[in-house]
Amino acid sequence: MDLKAAIRTIPDFPKPGVMFRDVTTLIGDPRAFRIAIDQMVQPWAGAKIDQVAGTEARGFILGGAVAHQLSVGFVPVRKKGKLPWRTLAEEYALEYGTDTIEIHSDAVREGDRVLLVDDLIATGGTAEASIKLLQRAGATVVGATFIIDLPDLGGARRIEDLGVPVSALVSYEGH
């Protein structure tokens with residue numbers, strides 16, 4: 001199955017010149033969703049993974065399904081102020097300003113091997129912050145997997161430069 005055909009492209013969203021890659025159409029197609037999850041899991045089958053971490057919000061959907069397939073727990077990486085207990089936080093730069101993500105302070109244990117999951121890797125800022133946060137909590141991030149890579153924005157290279165292997169199911173040139 002051509003997964004690109006299951007992904008809707010919305011021109012000029014959220015601003016003119018941007019081609020927004022909308023995975024909600026893929027998630028809504030049971031066959032495409034199953035194939036995508038199977039392909040995201042495949043490189044890690046047989047590897048020792050203790051937890052899957054997914055970034056808010058589409059990473060929750062995908063990460064939960066990947067965790068289920070790997071028979072491991074799930075760690076939500078949330079925006080600041082959304083988690084109800086003690087947290088660890090990581091601030092990261094945006095195009096204009098900063099943002100902060102958090103995990104519960106007991107979400108991972110020292111030495112846990114974690115796979116990071118999200119729908120798309122663009123500049124890599126959120127993924128890098130997630131990796132640094134998980135590492136500070138004591139985990140080893142063994143890989144990062146995405147449905148979409150936008151290679152022209154350099155995010156996958158940025159994550160690989162941290163020593164974390166990256167896999168993506170499809171890529172789109174440009175922004």
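Refer to the structure printed above.
Read on for an overview of the structure.

Rules of the game
- Residues numbered from 1 in each chain as written.
- Predicted model: local features only at pLDDT ≥ 70, side-chain atom pairs only at ≥ 80, totals over all residues.
- Heavy atoms only, no water.
- 1 Å grid on protein atoms, 1.4 Å probe; cavity = no way out; pocket = protein on both sides within 12 Å on 5 of 7 lines; lining within 4 Å.
- Points joined across faces, edges and corners; volume = space filled by probe spheres on them.
- Helix = DSSP H or I, 4+ residues; strand = E, 2+ residues; numbered from the N terminus.
- Nonpolar A, V, L, I, M, F, W, Y, C, P; charged D, E, K, R; others polar.
- Buried < 20%, exposed > 50% of the residue type's maximum accessible area, 1.4 Å probe, protein only.
- Polar contact = N/O pair within 3.5 Å; in protein donor to acceptor, adjacent residues only side chain to side chain.
- Axes fitted to C-alpha atoms, helices over the stretch in contact; angles between N-to-C directions.
- Left-handed = near helix turned anticlockwise from the far one by under 90°.
- Contact = heavy atoms within 4.5 Å.

### Section: the layout of surface pockets
At step 1: Empty space within the largest pocket amounts to approximately 1,300 Å³.
At step 2: Every residue lining the largest pocket is counted, 37 residues in all, and those nearest its centre are L94, L120, A122, T123 and T126.
At step 3: Going through the elements one at a time, β2 (19–22), β4 (73–79), β5 (87–94), β6 (97–104), β7 (113–121) and α4 (125–136) are the ones with two or more residues in the lining of the largest pocket.
At step 4: Residues that form the lining of the largest pocket fall into these classes: 19 nonpolar, 7 polar and 11 charged.

### Comments concerning the side chain of D22
At step 1: In this structure, D22 sits in strand β2.
At step 2: With relative accessibility at 8%, the residue D22 sits in the buried group.
At step 3: A polar contact is formed between the side chain of D22 and the side chain of T24, at a distance of 2.7 Å.

### Regarding the packing of helix α2 (residues 30–41) against helix α3 (residues 58–70)
At step 1: Where α2 contacts α3, the axes come no closer than 10 Å and their chain directions differ by 65°. Seen along the crossing, α2 lies across α3 with a hand that is right-handed. Facing F33, R34, I37, D38, M40 and V41 of α2, the residues of α3 in contact are I61, L62, A65, V66, Q69 and L70.
At step 2: Classifying every residue of the contact of α2 with α3 by side-chain character gives 9 nonpolar, 1 polar and 2 charged.

### Looking at unusual backbone geometry
With the exception of glycine, the majority of residues adopt a negative phi angle, and the majority of peptide bonds are in the trans configuration.
At step 1: For the peptide bond that leads from F13 to P14, omega is 5°, which places it in the cis range.
At step 2: You can see P14 is positioned in the loop between β1 (8–11) and β2.
At step 3: A57 follows E56 through a cis peptide bond whose omega is 0°.
At step 4: Within the element layout of this structure, A57 appears in the loop between β3 (51–55) and α3.
At step 5: Of note, D12 is a non-glycine position whose phi angle comes to about 60°, a positive value.
At step 6: As for its placement among the helices and strands, D12 is situated in the loop between β1 and β2.

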